[in-house]
Amino acid sequence: GESVGLHLPTLSVQEGDNSIINCAYSNSASDYFIWYKQESGKGPQFIIDIRSNMDKRQGQRVTVLLNKTVKHLSLQIAATQPGDSAVYFCAENIAGGSYIPTFGRGTSLIVHP
Amino acid sequence: DAGVTQSPTHLIKTRGQQVTLRCSPKSGHDTVSWYQQALGQGPQFIFQYYEEEERQRGNFPDRFSGHQFPNYSSELNVNALLLGDSALYLCASSFGAQGASNYGYTFGSGTRLTVV
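Each chain carries its own residue numbering, running from 1 in the written order of its sequence. Chain letters start at A and ligand numbers start at 1, both assigned in the order the entries are written. In keeping with the model being predicted, local features are shown solely for residues with a pLDDT of at least 70 and side-chain atom pairs are shown and tallied solely at 80 or more, while totals for entire chains, interfaces and linings include all residues. To get the side-chain values, all heavy atoms of the structure are used, and hydrogens and water are removed first.

Enquirer: Just to check I follow, could you spell out the overall build of chain B for this structure?
Expert: Segments assigned H or I by DSSP are reported as helices when at least four residues long, segments assigned E as strands when at least two residues long, and all are numbered from the N terminus. A count of helices and strands for chain B gives 0 helices and 11 strands. Starting at the N terminus, the α and β elements of chain B follow one another as β-β-β-β-β-β-β-β-β-β-β. Seen through its C-alpha atoms, chain B measures out along the principal axes to roughly 40 × 25 × 25 Å. Burial status follows relative accessibility: with a 1.4 Å probe on protein chains alone, a residue under 20% of its type maximum counts as buried, one over 50% as exposed, and anything between as partly exposed. Residues classed as buried in chain B amount to 47% of the 116 residues present. Only heavy atoms enter the contact rule, under which two residues are in contact if any of them lie within 4.5 Å. Within chain B, counting contacts between residues at least 6 apart in sequence, those at least 24 apart form 55% of the total. Surface accessibility of chain B: about 5500 Å² in total, with carbon and sulfur atoms responsible for 49%. In this description, accessible areas are obtained by the Shrake-Rupley approach with a 1.4 Å probe, and a residue is regarded as covered only by the protein chains that are shown.

Enquirer: Looking at this model, I keep getting lost on the sheet that holds strand E1 (residues 5-7) of chain B. Mind explaining?
Expert: The pairing of strands in a sheet happens through backbone hydrogen bonds and is either parallel or antiparallel. Residue and element names in this part refer to chain B. Only strands joined by at least two bridges in the DSSP assignment are considered to pair. Taking strand neighbours across the sheet as the criterion, the 4 strands line up as E1-E3-E8-E7 in an open arrangement whose pairing is antiparallel. Each of the sheet's edge strands pairs with one partner strand only, and the pair in question is E1 and strand E7 (64-68). The sheet shows a mean angle of 20° between the axes of neighbouring strands, taken without regard to direction. Sheet topology places E1 next to strand E3 (residues 19-24); 3 bridges connect them, and they run antiparallel. Following the sheet pairing, Ser7 is matched in E3 by Arg22. As a rule, the C-alpha atoms of each element are fitted with a line to give its axis, helices using only the stretch in contact, and angles between N-to-C directions run from 0 to 180 degrees.

Enquirer: Even after reading the chapter, I still don't get the packing of aromatic side chains, so can you show me in this structure?
Expert: When we look at a pair of aromatic rings, we describe it by the centre distance and by the angle of the planes. Side-chain rings of Phe, Tyr and Trp, where Trp is taken by its six-membered ring, are said to pair if the distance between their centres is within 6.5 Å; with planes under 30 degrees apart they count as stacked, over 60 as edge-to-face, and otherwise as tilted. One pass over the structure, following the stated rule, counts 13 aromatic pairs over all chains. Aromatic pair Phe103 of chain A and Tyr35 of chain B: ring centres 6.0 Å apart, planes at 85°, arrangement edge-to-face. Residue Phe103 of chain A is located in strand E10 (residues 102-103), and its partner Tyr35 of chain B is located in strand E4 (residues 31-37); the two belong to separate chains. Note on accessibility: Phe103 of chain A and Tyr35 of chain B belong to one class, buried. Three or more aromatic residues joined by ring pairs make a cluster, and in this case those are Tyr32, Tyr36, Phe89, Tyr99 and Phe103 of chain A together with Tyr35, Phe45, Tyr105 and Phe107 of chain B. In this arrangement the basic side chain of Arg51 of chain A is found over the ring face of Tyr32 of chain A, its NZ or CZ atom lying 4.1 Å from the centre. Only lysine NZ and arginine CZ atoms are considered, and such an atom sits over a ring when it is within 6 Å of the ring centre and within 35 degrees of the ring normal.

Enquirer: Would you take a moment to explain the interface of chain A and chain B for this structure?
Expert: Counting residues at the interface gives 22 residues for chain A and 22 residues for chain B. As a working definition, buried area equals the accessible area (1.4 Å probe) given up by two parts on being put together, with both sides summed. The contact between chain A and chain B buries some 1600 Å² in all, and 55% of this surface belongs to carbon and sulfur atoms. Sorting the residues of chain A by area buried against chain B places Tyr99, Ile100 and Phe103 of chain A first, and these three jointly supply 34% of that buried surface. Here, a salt bridge means any side-chain nitrogen of Lys or Arg that lies within 4 Å of a carboxyl oxygen of Asp or Glu. Joining chain A to chain B, the criterion identifies 0 salt bridges. Within 3.5 Å is the distance limit for a polar contact, defined as a pair of N or O atoms, with the added protein rule that one can donate a hydrogen and the other accept it, and that residues adjacent in sequence qualify only through two side-chain atoms. The interface formed by chain A and chain B holds 1 residue pair in polar contact (both at pLDDT 80 or more) in total. Going through the elements one at a time, strand E4 (30-38), strand E5 (45-51) and strand E9 (86-94) of chain A are the ones with two or more residues in the side of chain A that touches chain B. Following the grouping adopted for this structure description, the nonpolar residues are Ala, Val, Leu, Ile, Met, Phe, Trp, Tyr, Cys and Pro, the charged ones are Asp, Glu, Lys and Arg, and the polar ones are all others, Gly among them. Partitioning the side of chain A that touches chain B into residue classes produces 11 nonpolar, 8 polar and 3 charged.

Enquirer: Hey, could you run me through the pattern of salt bridges in this one?
Expert: Scanning the entire structure with this criterion turns up 6 salt bridges over all chains. A salt bridge links Asp84 of chain A to Arg61 of chain A; the nearest nitrogen and oxygen atoms lie 2.9 Å apart. Separated by 23 residues along the polypeptide, Asp84 of chain A in the loop between strand E8 (72-77) and E9 and Arg61 of chain A in the loop between strand E6 (56-58) and strand E7 (62-67) bring together distant segments of the chain. Its relative accessible area of 7% is what places Asp84 of chain A among the buried residues. Classification of Arg61 of chain A as partly exposed rests on a relative accessible area of 30%. One salt bridge in this structure joins Arg57 of chain B and Glu54 of chain B, with 3.0 Å as the shortest N-O distance.

Enquirer: Got a minute to help me understand the state of the cysteines in this structure?
Expert: A disulfide bridge is the covalent bond that connects two cysteines by way of their sulfur atoms. All names here are of chain A. Note on terminology: disulfide denotes any pair of cysteine sulfur atoms within 2.5 Å. Counted by the stated rule, this structure contains 2 disulfides over all chains. A sulfur-sulfur distance of 1.6 Å marks the disulfide that ties Cys23 to Cys90. Of the two residues, Cys23 is situated in strand E3 (residues 19-24) and Cys90 in strand E9; the sequence distance between them amounts to 67 residues. In this pair, the class of Cys23 matches that of Cys90, namely buried.

So this is what it looks like as structure tokens:
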């Protein structure tokens, strides 16, 4: 289930389950949204992105959904594997400038074998 | 092809001291951005360097300064260190003309700074 810890929200799932990580953004001027994965001791790694003129985009085992009405973004991971255990961040980029992502708080995903 | 390299990987400094962190961008990249990531938080943008000039800056005090060299590598300097400066400092490199896109935007593994 999903719980809010002292520092990071945490999502614990069993291997093979589907995972859904949610994110709320605040800036209506953002037109580009990105999901990053950060493993321990490493920098953030790009997973998937979506522009504001879309509401869904699929990659390999991952899907991003965008609901601009309620400023909500989600990342769905199919058939979650232990290697998916990491902290996941959503990020937004404001229209009109160069790419400088603004990161959200992050969710820790723990996959149990 | 080496990605973004940062040095040192770990550093311990005392309050009031100054520190310099270094970043070498990925081959072919000419833009360097610096981020501060406190424990349990997302990375926060400090500033971005392009053509040896600071192009954009986040909400950080003047104690944070930087430099970009002709070979595109960059340094982050922090003066008068505070306990609250303890964090993971990340560098990201990109190609300046890529526009507002994640394409090629690559993070290093960071420098863990501890201020005691």
